[in-house]
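If you want the building blocks of each chain, they are given just below.
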Amino acid sequence: MLFVNSLQSTLFFVCICLFASIAYSAPIQDQEENLLDKRAFYPITGLKSSGTHQRLEIRELQKNTPQWNLYLLALNRFKGMSQTDKLSYYQISGIHGRPFVAWDGVALQHGGGYCTHDIVLFPTWHRPYLALYEQVLYGIVQQVASEMTAQKATYVAAAKTFRAPYWDWAAPRQNGQVYPSIFKGTVRNGVSYITINLPTGPKEIRNPLYAYTFHSLSASDLPNTPFNVLPTTLRYPTSKAQGATSRNDAVAAQMLQSQPSYSQRFMNLLQVYNKFEHFGNEGWVPNQSGSYDSLESLHDQIHGLVGNGGHMFIIDYAAFDPIFWLHHTNVDRLFAIWQAIYPNSWMPATNKINSGTAVLSAGQNVDQTTPLKPFHSDAAGNFWTSQSSRYTTSFGYTYPETTNASPASAKKAVNALYGPTSGKTLSKRKRTTPSASAVSAVSAASGAAASASQSAFAGAIAAGLNPEVASAVAANATAASPTAFPHASGTGSVTPEIYKEWITNIRVAKNALDEAFFIHIFLGDFNPDPACWSFEPNLVGTHAVFTPFTNASAALTADRIIVTGTIPLTRTLNAQAEQGLVDTDDEAQVEAYMRRNLHWRVTRMDDTKVPRAEVPELKISVVSCDVTPAEADDQFPTWGEFVVHTGITEGRPAGLCAGEDT
């Protein structure tokens, strides 16, 4: 018995010594991290437990006062969480790129962030990423609702059906705007404020949609100039210095000027691209001239027009900007609409990727079962895959156009919201007498034209443009929305007639300039000052190439990553045909006209011009396609074969020549 007691005492003493040794040899912080690593993984379950509810466009959410208030208050609280918290806004945003650290115990195998760009997993990887953001935000919304002192029951009920909103940048202009004024708010001393109407009365709060303020800014986490000295996220910054500010008015003007191109791209993707591998990502597929666009490439254009040298235009830093989440939720919505229209089109069995990530190696094959790291589907450590995240209802949400949708109903919803594509020259259409409601709508629209024009003029001036160019931008703000053309059938219908769509195809090395950059397409003369190019009256559209700051992931392959995009030309050609400049029914005349008047230029993020011939792999080409308009509101137009017109670009810097790969 004495031996046993002595042995127990000895063992107890040894344990105490070991514990003391561990305690003194490792800092408390390290011990806490070790304990954290042993906990269960954070499961992204979605919000199915509260039912399946619609994500709403942000201006629609704004009409629901309780949910709008909860959203803004919760987002402010979310952004204020400690940056050391795994579920903080900072760390969740950091999954996309910087600071290139492991999240939820998923080790980084290579340099760079987890996000998948230029590969087939682009649309599916971002779905559980958005679900993670929504899940955490939803939890905070519940907390805020439970703390309400007036109309608590109303707010608690509103909180239960809350889902993260999206920004529909392709929608017809509202009050002459594409870029909602709420993204700017009222700015005083560099801080944006917004007023919400609480049950207790109006209250001014900091505007959570304006920027994210780092607390604190870590130069080791965010090492690249100028982001290592900028205390808040910026859009179209005034400079690269520490005191730089956002130019939201200039962003609004720039978005307005390019809206015809990205709205048309939105519709073209839904109408033409019926294969998942072509629709989803921007990697070049040689000699497929009708497959140059993609969801990812269109998404890049918005990143560029909003960021323009700021955080949103760099893959490593984009997710810190609050507008990232609104933009990407709309990208997910476009993906969901496309899925509703083409329910049987899905990821091919084998997909070799050319660009690596923190957890994927260039050259490996991926498929629908590839883990979408670092997103765990349960606490045991299993991951979401493209297959398990295929349907939005798996996460407890839908969109207005996809709720119980069939291919026909989804097409009808899209046609009703966006109208038909560019179509035949309006002056050549056979139109019936406008209805009284149509006349009323035109009258109402004209009432907003003056304020829209003034806003656009102010934005252009804020961007540093001269009054003459600013006036041209303002004039564009009062132009008809690019989707405001009559349908090919129904009340006020026209006789279906084959017309020709014209499109500029763009391909270039993604890392051509080792930073993000712009490609501007003009049809007509333009100002020689590169700072004016995104606002030029004859600009058809500005395409953006969205890249990381460092090329850590892409460096995993010896080959350049070639990406593609498009800028549709038909609407601009039709407008110039109405001015008598060209006859769009004469193909030879159109070719000759574009040979003289189609121009393309390249600029860096700071508006520095780059000679076209010095941009690696840059090739500009023009294609056309005969299109038969739809005969019903639940149908899409029928597109024929694409034809390449090398006569327009041959012999010009970075222009496609006969015999070259398309």
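Residues numbered from 1 in each chain as written. Predicted model: local features only at pLDDT ≥ 70, side-chain atom pairs only at ≥ 80, totals over all residues. Heavy atoms only, no water.

1. A look at the overall build of the chain
Rule in force here: For the purposes of this entry, the term helix denotes a DSSP run of H or I that reaches at least four residues, the term strand denotes a run of E that reaches at least two, and both are numbered from the N terminus. Classification of residues uses two cut-offs on accessible area relative to the type maximum, computed with a 1.4 Å probe and protein chains only: under 20% is buried, over 50% is exposed, and between them is partly exposed. Contact criterion: two residues are considered in contact whenever any of their non-hydrogen atoms come within 4.5 Å of each other. Using the Shrake-Rupley algorithm and a 1.4 Å probe, accessible areas are obtained, with residue cover drawn only from the displayed protein chains.
Along the chain, the regular secondary structure elements total 17 helices and 17 strands. When burial is assessed residue by residue, the chain has 55% of its 662 residues classed as buried. Considering only contacts in the chain between residues 6 or more positions apart, those separated by 24 or more positions represent 73%. Accessible surface, the chain as shown: approximately 26,300 Å² in total, 53% of it carbon and sulfur.

2. What to know about the sheet that holds strand β10 (residues 499-509)
For clarity, the threshold we go by: Two strands are counted as paired when DSSP detects at least two bridges linking them. Lines are fitted to the C-alpha atoms to define the axes, a helix being fitted only along its stretch in contact, and any angle between axes, read from their N-to-C directions, falls within 0 to 180 degrees.
The strand order β13-β10-β16-β17 describes an open sheet built from four strands, whose pairing is antiparallel. On the outer flanks of this sheet lie β13 (562-568) and β17 (638-644), each paired with one strand and no other. For this sheet, the mean inter-axis angle between neighbouring strands, taken without regard to orientation, is 30 degrees. As judged from the seven bridges shared by β10 and β13, these two strands associate in the antiparallel manner. Looking across to β13, one finds that Arg 507 is bridged to Thr 564. Lying on the sheet, helix α8 (residues 248-272) is in contact with β10, β13 and β17; it crosses β13 at an angle near 110 degrees. Across the sheet, helix α16 (residues 587-597) is in contact with β10 and β16 (619-628); its angle to β10 comes to roughly 35 degrees.

3. Describing the packing of aromatic side chains
For any pair of aromatic rings, geometry is given as the distance between the ring centres together with the angle between the planes. Just so we agree on the cut-off: Note on aromatic contacts: the rings of Phe and Tyr and the six-membered ring of Trp form a pair at centre separations within 6.5 Å, being stacked when their planes are under 30 degrees apart, edge-to-face when over 60 apart, and tilted otherwise.
Within the structure shown, the criterion is met by 39 aromatic pairs. On the numbers, 5.0 Å between centres and 55 degrees between planes, the contact of Trp 125 with Phe 375 is tilted. Remark: Phe 375 occurs in strand β7 (residues 371-376) and Trp 125 occurs in helix α6 (residues 122-146); sequence separation between them is 250 residues. In this structure Trp 125 comes out as buried when scored by relative accessible area, which is 1%. Each ring, one from Phe 227 and one from Tyr 317, has its centre 4.6 Å from the other, and the planes form 20 degrees; the classification is stacked. Taken together, the positions of Phe 227 in the loop between β4 (201-206) and α8 and Tyr 317 in the loop between α10 (295-307) and α11 (322-341) put the pair 90 residues apart, joining distant regions of the chain.

4. Considerations on helix α4 (residues 65-79)
Since the α-helix turns once every 3.6 residues, residues separated by three or four places project in the same direction. The cut-off we apply is this: To estimate the expected span of a helix, count its residues, drop one, and scale the result by 1.5 Å.
Compared with an ideal rise of 1.5 Å per residue, which puts 15 residues at 21 Å, α4 spans 21 Å between its outermost C-alpha atoms and is within 8% of the ideal. Counting buried positions over the 15 residues of α4 gives eleven, a clear majority of the element. Within the sequence span of α4, burial applies to Pro 66, Gln 67, Trp 68, Asn 69, Leu 70, Tyr 71, Leu 72, Ala 74, Leu 75, Phe 78 and Lys 79.

5. Some points on the sheet that holds strand β12 (residues 539-545)
Taken together, four strands build an open sheet; the order of strands is β12-β11-β14-β15 and the sheet is antiparallel. Among the strands making up the open sheet, the edge pair consists of β12 and β15 (609-610). Relative to strand β14 (residues 598-604), strand β11 (residues 517-523) runs antiparallel, the two sharing seven bridges. Looking at the pairing, Ile 521 lines up with Trp 600 of β14.

6. Some points on the pattern of salt bridges
Note the cut-off: Between Lys or Arg on one side and Asp or Glu on the other, a salt bridge is scored when a side-chain nitrogen of the former is within 4 Å of a carboxyl oxygen of the latter.
Following the criterion strictly, the structure yields 19 salt bridges and no others. Salt-bridge contacts for Asp 168 lead to Arg 333; the nearest nitrogen and oxygen are separated by 3.4 Å. Of this pair, Asp 168 sits in the loop between α7 (152-160) and β2 (186-188) while Arg 333 is found in helix α11, placing the two residues 165 residues apart along the sequence. Here Asp 168 matches Arg 333 in class, with each residue buried. One salt bridge in this structure joins Asp 293 and Arg 265, with 2.6 Å as the shortest N-O distance.

7. What about unusual backbone geometry?
Excluding glycine, a negative phi dihedral is what most residues carry, and trans is how most peptide bonds are arranged. At the junction of Thr 225 and Pro 226, the peptide bond is cis and its omega measures out at 5 degrees in the coordinates. Between Lys 373 and the following residue, Pro 374, the backbone shows a cis peptide bond with an omega angle of 10 degrees. Although it is not a glycine, Asp 104 sits at a positive phi angle of roughly 55 degrees. Its place among the elements puts Asp 104 in the loop between α5 (89-94) and α6. Residue Asn 404 is not a glycine yet carries a positive backbone phi of 50 degrees. Among the secondary structure elements, Asn 404 is positioned in the loop between β9 (397-398) and α12 (407-418). For Asn 404, a relative accessible area of 78% corresponds to the exposed category.

8. A word on the environment of Phe 313
Within the secondary structure, Phe 313 is located in the loop between α10 and α11. Taking the C-alpha atoms as reference points, Phe 313 and Gln 301, separated by twelve residues in sequence, lie 9.3 Å from one another. Not counting residues up to four positions away in its chain, the partners in contact with Phe 313 are His 303, Gly 304, Gly 307, Asn 308, Ala 516, Phe 517, Phe 518, Ala 544, Val 545, Phe 546, Thr 547 and Met 605.

9. Some points on the environment of Thr 161
Definition in use: Under this definition, polar contacts are N or O atom pairs within 3.5 Å; protein pairs additionally need one hydrogen-donor-capable and one acceptor-capable atom, and for neighbouring residues in sequence, both atoms have to be side-chain atoms.
Mapped onto the elements of the fold, Thr 161 is located in the loop between α7 and β2. Separated by 23 residues in the primary sequence, Thr 161 and Tyr 138 place their C-alpha atoms 9.3 Å from one another. With sequence-adjacent residues up to four places away left out, Thr 161 is seen in contact with His 53 and Gln 67. Among the polar contacts listed, one links the side chain of Thr 161 to the side chain of Gln 67, at a separation of 2.9 Å.

10. Structural notes on the side chain of His 299
Inspection of the secondary structure assignment puts His 299 in helix α10. Apart from residues no more than four positions distant in its own chain, His 299 is found in contact with His 117, Phe 122, His 327, His 328, Val 331 and Phe 546.

11. Quick look at the nonpolar core
Stated formally: Working definition of a nonpolar core: buried Ala, Val, Leu, Ile, Met, Phe, Trp, Tyr and Cys residues. They are joined through side-chain atoms within 4.5 Å.
Tyr 71, Trp 167, Trp 169, Leu 209 and Met 255 are the most contacted members of the largest nonpolar core, which has 136 residues in total. Sorting elements by how many residues they give to this core places α6 first, with 14 residues. Counting residues in each nonpolar core, the second largest holds 33 residues, with Leu 523, Tyr 593, Val 610 and Ile 620 among its members.

12. Details of the packing of α10 against α11
Two numbers describe a pair of packed helices, the interaxial angle and the distance between the axes. Put simply, the test is: Roughly parallel covers angles under 35 degrees, roughly antiparallel covers those over 145, roughly perpendicular covers 65 to 115, and oblique covers all other angles. A crossing counts as left-handed when the near helix is turned anticlockwise from the far one by less than a right angle, and as right-handed when that turn is clockwise. Each residue receives one of three labels: charged for Asp, Glu, Lys and Arg, nonpolar for Ala, Val, Leu, Ile, Met, Phe, Trp, Tyr, Cys and Pro, and polar for the others, Gly being one of them.
In contact at an axis separation of 11 Å, α10 and α11 are set at 160 degrees when each is read in the N-to-C sense. If you check the angle between α10 and α11, you find them roughly antiparallel. Between α10 and α11 the crossing geometry is right-handed. In this structure, α10 uses Leu 295, Leu 298, His 299, Ile 302, His 303 and Val 306 to contact α11, whose residues at the interface are Ile 323, Phe 324, His 327, His 328, Val 331, Leu 334 and Phe 335. Classifying every residue of the contact of α10 with α11 gives nine nonpolar, four polar and no charged.

13. Regarding the pairing of β7
Of the strand pairs in this sheet, β7 and strand β8 (residues 383-385) are connected by two bridges, and their pairing is antiparallel. Bridge pairing in β8 places Pro 371 opposite Thr 385. Hairpin connection between β7 and β8: a loop of six residues separates the two successive antiparallel strands, and Gly 381 in this loop has a positive phi of roughly 110 degrees.

Read these as layout, nothing more, since geometry by itself doesn't imply function.
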